[in-house]
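Here's the letter readout for the chains.
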Amino acid sequence: MARPRNIKSSFIKTPYPFFTFLPVSPFTSLLNKFHSLRIHMLYSSSRPRSYLFVIFLLILLSLLGLSLLRLVSVSQNPSQCPSFLTLLSPPTSHPPFASLSSKNHEPVALSRSATMPLPAHPVSGNATAEEAEFWAQPDGEGYRPCLDFTIQYRKASAKISKEKQKFLVVVVVGGLNQQRKQIIDAVVIARILEAALIVPVLAVDQVWKDESEFSEIFDVDHFKRTLQGDVRVVSSLPSTHLASKPIFNPQMPDNVSPLWIRTKFLKELNRGGVLILGGIFSKLSKNLPLDLQKLRCKVAFHALRFVSPIQELGNKFARRLWIKGPYIALHLRLEKDVWVRSGCLTGLGPKHDDTIRKIRKSQPQLLTDRLNMTNTQRRLAGLCPLNALQVARLIKALGAPRTAQVYRAGGEPFGGTQALQGLVEEFPNIVTKEMLAREGELSPYINQSSAMAALDYIISLSSDVFLPSHGGNMGSAIQGHRAYVGHRKFVKPNHRGMVGLFEDTSISEAEFRSIVKKMHRRYQGQPEKRTTKRNSSDVIAYPVPECMCRHGIRSLQRS
């Protein structure tokens, strides 16, 4: 039986299957008893008190039956935040979406569609107190996913999800995680314009040079089904619109609001029927109405699922690490383009720094933000990536044992083995996806940087501890995803605070450890509410409080 559309919260399940286990409904049984009693009374006039007692008993039973039905109904009430186990499948059933068929066109229940990690390892009894503290997971403080949309949003969905006259085409650029953020905003823009969304086009980036299409990285059918109650997603323009003259907008200003989107595009879109957008990265405001923030989370954590071959291979790699014990995932941003874009020195010596400086001088457009700052100013402001030695000192100070498994995500570091030397000396058990793979497993993805980044994402999501050496799109995506699935440990380095510590040779190792632990005590994956100030954070990195509620309380005011 097809389930109803997303009329209530997507977490709500119809109570119908509960009653299929009852051979006779309470109402049928009750009516049969009344019918038998009526017939018996027609042919007997004795013992009236017995009949009164039986009638009283039946009334009492009917009241109990109605109370039971009310209890079942209350348990399905969308005003209650569902339990965490209801929202997200237990880790032992990893992956939770394995039973979903791509040919099944029913709406996908959000409780089954979230991409889940492997369970975190319990702290070993043989671990020292410092090691136990390092591997311990943060307190989630009772926060759970909570995507209950308003009545107004759900009413509007009935029309928007069937739109067949207006179509939005979005071209997304950059690497995988940059593209993910643009796809999320593309869905939101389509919702704002009440337009159908064509499956986003992945442009070939000049750095990554990956020619993969959306369907080669993400599960298109799952994407469509998960969002079918919010936005109509189609694979291509209908024949009626192929001759339309599209409106093409290559750029958008920063921090645009839904009102700006409607004012700029809606009139022309209604007239022409097709709108093509490019360059939407980080252009849409981070402070949108609550329903649109929830939609962002729904796209990020539920709709954008990797295709089965990539997801299954990533799960295999994660299990090969996981079965040996807890592991750390480090996203080391040491690639050549990172040093060029950041405007920082590599720390590998004059030869390597001169190479980066020449590329930066010949391609000044690659340098991002704060063009008037020197290398030293950037470093002191905490804008530079941590190098391998600095990362090693940081996680060692936090209590990571030397024998810890370390998964290194990211591309090849500029400087090769020299760039990793400081990390390898402190933590020799370092592995990459290439080392985890068996013969032929990575062959289909050799020239697909997006697929390789997806494998890094999957393995990093299941790690016991995750740490990025620099900000970036993958770091923020993993941060939010780990929060959404139960606040898994995520160490956010205090770059600015660490600069002075790394350069101060007068303090002892014990003092260094003490300062580092104190500095990062509140930056290890605990619930952190998103700020709404001018330089506000992204709801995808900070899903509390818009996309996560606490102790079953739905209202943000009470959470």
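This section reports on the structure supplied with the text. Keep in mind that what you see is a predicted model, and the values were worked out from it rather than measured. Every residue gets a number counted from 1 within its own chain, in the order that chain's sequence is written. In keeping with the model being predicted, local features are shown solely for residues with a pLDDT of at least 70 and side-chain atom pairs are shown and tallied solely at 80 or more, while totals for entire chains, interfaces and linings include all residues. The side-chain quantities take in all heavy atoms of the structure and omit both hydrogens and water.

### Topic: the packing of helix α20 (residues 449-461) against helix α21 (residues 472-484)
Only the stretch in contact is used when a helix axis is fitted, and all axes are lines through C-alpha atoms; the angle between N-to-C directions ranges over 0 to 180 degrees. Runs of E in the DSSP output that reach at least two residues are strands. Runs of H or I that reach at least four are helices, and both are numbered from the N terminus. Axis separation between α20 and α21 bottoms out at 10 Å; the angle between their running directions is 40 degrees. Our pair here, α20 against α21, has a crossing hand that is right-handed. Contacts between α20 and α21 involve Asp456, Tyr457, Ser460 and Leu461 from the first element and Met474, Ala477, Ile478, His481 and Arg482 from the second. Three classes are used, and their members are as follows: Ala, Val, Leu, Ile, Met, Phe, Trp, Tyr, Cys and Pro are nonpolar, Asp, Glu, Lys and Arg are charged, and the others, Gly among them, are polar. When its residues are assigned to classes, the contact of α20 with α21 shows five nonpolar, two polar and two charged. Handedness of each helix crossing follows the sense of rotation of the near helix against the far helix: counterclockwise by less than a right angle gives left-handed, clockwise gives right-handed. By definition, residues are in contact when any of their heavy atoms lie within 4.5 Å.

### Considering the nonpolar core
Put simply, buried Ala, Val, Leu, Ile, Met, Phe, Trp, Tyr and Cys residues joined by side-chain atoms within 4.5 Å make one nonpolar core. Residue burial is assigned from relative accessible area. The probe radius is 1.4 Å, only protein chains are included, and a residue is buried under 20% of its type maximum, exposed over 50%, and partly exposed in between. Ranked by size, the top nonpolar core spans 84 residues in total, and within it Phe223 and Ile310 carry the most contacts. The greatest single-element share of this core, amounting to 10 residues, is contributed by helix α8 (residues 176-193). Among all residues touching isoleucine 310, those that are not within four sequence positions of it are Glu216, Ile217, Tyr445, Ala451, Ala454, Leu455 and Ile458. By size, the runner-up hydrophobic cluster in this structure holds 37 residues, among which are Val340, Cys344, Leu420 and Val465.

### Some words on empty space enclosed by the protein
Method remark: on a 1 Å grid restricted to protein atoms, a set of points is classed as a cavity if a 1.4 Å probe fits but cannot get out and as a pocket if it is open with protein on both sides within 12 Å along at least five of seven lines; lining residues have an atom within 4 Å of a point. Grid points are joined across faces, edges and corners, and a volume is the space filled by probe spheres set on the points. Using the criterion set out here, one finds eight cavities of 30 Å³ or more in the structure. Roughly 110 Å³ of internal volume is contained in the largest cavity. What lines the largest cavity is simply Lys181, Ile184, Asp185, Phe281, Ser282, Leu284, Lys286, Arg296, Asp538 and Ile540. Tallying contributions element by element places α8 first for the lining of the largest cavity, with three residues. Here the lining of the largest cavity is built from residues that sort into four nonpolar, one polar and five charged.

### Some points on the state of the cysteines
The disulfide definition used here is simple: a pair of cysteine sulfur atoms within 2.5 Å. Tallied over the entire structure, the rule returns two disulfides. A sulfur-sulfur separation of 2.0 Å characterises the disulfide bridge that pairs cysteine 297 with cysteine 547. Because the torsion about its S-S bond is 85 degrees, the bridge between cysteine 297 and cysteine 547 counts as right-handed. You can see cysteine 297 sitting in helix α12 (residues 290-303) and its partner cysteine 547 sitting in the loop between α23 (509-519) and β13 (548-550), a full 250 residues away along the chain. The burial state of cysteine 297 is the same as that of cysteine 547; both residues are buried. Each disulfide pairs two cysteine sulfurs, and for cysteine 344 the partner residue is cysteine 384, the sulfurs being separated by 2.0 Å. Looking along the S-S bond of the cysteine 344-cysteine 384 disulfide, the torsion reads about -90 degrees, which is the left-handed sense. With cysteine 344 in the loop between α14 (336-342) and α15 (350-362) and cysteine 384 in the loop between α16 (375-380) and α17 (388-397), this residue pair connects regions lying 40 residues apart in the sequence. A relative accessible area of 11% means that cysteine 384 is categorised as buried.

### Re the sheet that holds strand β8 (residues 327-331)
A pair of strands is treated as paired once DSSP finds two or more bridges between them. One open sheet holds the five strands; their spatial order is β10-β9-β8-β11-β12, and the pairing between them is parallel. Each having just a single partner strand, β10 (430-431) and β12 (489-490) make up the two edges of the open sheet. As defined by bridge partners, strand β9 (residues 405-409) adjoins β10 across two bridges and the pair is classed as parallel. When the sheet's bridge partners are listed, valine 406 is paired in β10 with isoleucine 430.

### Focus on the environment of alanine 300
Within the fold, alanine 300 resides in helix α12. When its relative accessible area of 1% is taken as the criterion, alanine 300 is described as buried. Taking the C-alpha atoms as reference points, alanine 300 and isoleucine 540, separated by 240 residues in sequence, lie 7.1 Å from one another. Beyond its immediate chain neighbours, meaning those up to four positions away, alanine 300 contacts Arg180, Ile184 and Ile540.

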